[in-house]
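Working through the structure, step by step
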Amino acid sequence: SLEEARGVVDFPVVVPRLETFGAPDRVLVDADRPIGGSVTLAYGDRAGYPAGRDGTGVQITEFRADISPEAFEKMIHTGVRVERTTVSGQPAFWVAGGEHFFFYRDANGQVVDDTIRLVADTLIWESGGLTLRVEGAPSLDAARAVGESLSE
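The following paragraphs examine the structure supplied in this document. Counting starts from 1 at the beginning of each chain's written sequence and moves along it residue by residue. Local features in this predicted model are restricted to residues of pLDDT 70 or higher, and side-chain atom pairs are both shown and tallied only at a pLDDT of 80 or more, whereas totals for entire chains, interfaces and linings draw on every residue. To obtain the side-chain values, all non-hydrogen atoms of the structure were used and water was disregarded.

Strands qualify as paired when DSSP identifies two bridges or more between them. Put simply, DSSP marks the helices as runs of H or I at least four residues long and the strands as runs of E at least two long, and each gets a number from the N terminus on. Sheet topology note: the strand β7 (residues 81-87)/strand β8 (residues 90-96) ladder contains seven bridges and is antiparallel. Paired with T86 across the two strands is P91, which belongs to β8. Between β7 and β8, which pair antiparallel one after the other, the connecting turn spans two residues, and S88 there sits at a positive phi close to 50 degrees.

Dropping the structure here:
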């Protein structure tokens, strides 16, 4: 549950406050990776945010990491594009168009290259010491709306 997840990780878990979303359909927690743990909130079909064939719509993942331009590295396949943007005034990356991976520095400064695999268009940014990902929104504007609504 969301409350259980909040008791496992060492950061405040944020949730979207858009009326469309409500409670997550699933809450996934990895207490060990990266350092400090990670939480993924999974939502099925929501108005304006349709689910894919597997029933998964938007996923929001939260963890402590450094994705500053100096630390953020990408491994992308042909057809993938990375666009710089912002979320609530914070620098962000919109990664769209195919399967891709990314590398970041965890809370201890270690490069992590094997824990986050992105399969849908994804908005990635840092806020308040957290790295946040909104994956599976139908557009950059829709992803940004979710990101800008996140709060405890």
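Alright, that's what it looks like, and here's the rest.
Attention now moves to unusual backbone geometry. Although it is not a glycine, S88 adopts a positive phi angle of roughly 50 degrees. On the secondary structure map, S88 appears in the loop between β7 and β8.

Let's shift gears to the side chain of E135. Take E135: it is sitting in strand β13 (residues 130-135). We call a residue buried when its accessible area falls under 20% of the maximum for its residue type, exposed when it is over 50%, and partly exposed in between, using a 1.4 Å probe and counting protein chains only. A residue is classified by how much of its surface remains accessible, and E135, at 6% relative accessible area, is buried. We define a polar contact as two N or O atoms separated by no more than 3.5 Å, with the added condition that, inside protein, one atom must be a possible hydrogen donor and the other a possible acceptor, whereas residues neighbouring each other in sequence contribute only through side-chain atom pairs. Side-chain polar atoms of E135 contact the side chain of R133, separated by 2.4 Å.

With antiparallel pairing, seven strands are arranged side by side in an open sheet as β2-β3-β4-β13-β12-β8-β7. Edge positions in the sheet fall to β2 (26-30) and β7, since each of these pairs with one other strand and no more. Between one strand axis and the next, the sheet turns through 20 degrees on average, direction left out of account. Pairing of β8 with strand β12 (residues 122-127), which is carried by four bridges, proceeds in the antiparallel orientation. Following the sheet pairing, F93 is matched in β12 by I124. Sheet strands in contact with helix α2 (residues 140-149) are β4 (59-63), β7, β8, β12 and β13, and its direction is about 40 degrees off that of β7. Axes here refer to lines fitted to C-alpha atoms; in helices the fit is confined to the stretch in contact. Angles between the N-to-C directions go from 0 to 180 degrees. Note on definitions: a residue-residue contact is assigned when non-hydrogen atoms from the two residues lie within 4.5 Å.

Each reported salt bridge corresponds to a side-chain nitrogen of Lys or Arg within 4 Å of a carboxyl oxygen of Asp or Glu. Evaluated as defined, the whole model comprises five salt bridges. Across the pair R6 and E3 runs a salt bridge whose closest N-O atoms are separated by 3.1 Å. Taken as a pair, R6 and E3 lie in helix α1 (residues 2-8) at a separation of three residues, close to a single helical turn. The exposure class assigned to E3 is exposed, which follows from its relative accessible area of 56%.

What describes a pair of aromatic rings is the distance from one ring centre to the other and the angle between the planes of the rings. Working definition: rings of Phe, Tyr and Trp (its six-membered ring) pair if their centres are within 6.5 Å, and the pair is stacked with planes under 30 degrees apart, edge-to-face with planes over 60 apart, and tilted otherwise. Applying the stated criterion across every chain yields a total of two aromatic pairs. Here the aromatic rings of F21 and Y43 are separated by 4.9 Å at their centres, their planes lie at 80 degrees, and the arrangement is edge-to-face. With a gap of 22 residues between them, F21 in the loop between β1 (15-16) and β2 and Y43 in the loop between β3 (38-42) and β4 connect regions that are remote in the sequence. The class of F21 is buried, set by a relative accessible area of 3%. On the accessibility criterion, Y43 (1% relative accessible area) is buried. Here F21 and Y49 contribute two aromatic rings whose centre-to-centre distance is 5.0 Å and whose plane-to-plane angle is 65 degrees, an arrangement assigned as edge-to-face. Of this pair, F21 sits in the loop between β1 and β2 while Y49 sits in the loop between β3 and β4, and the two are 28 residues apart along the sequence.

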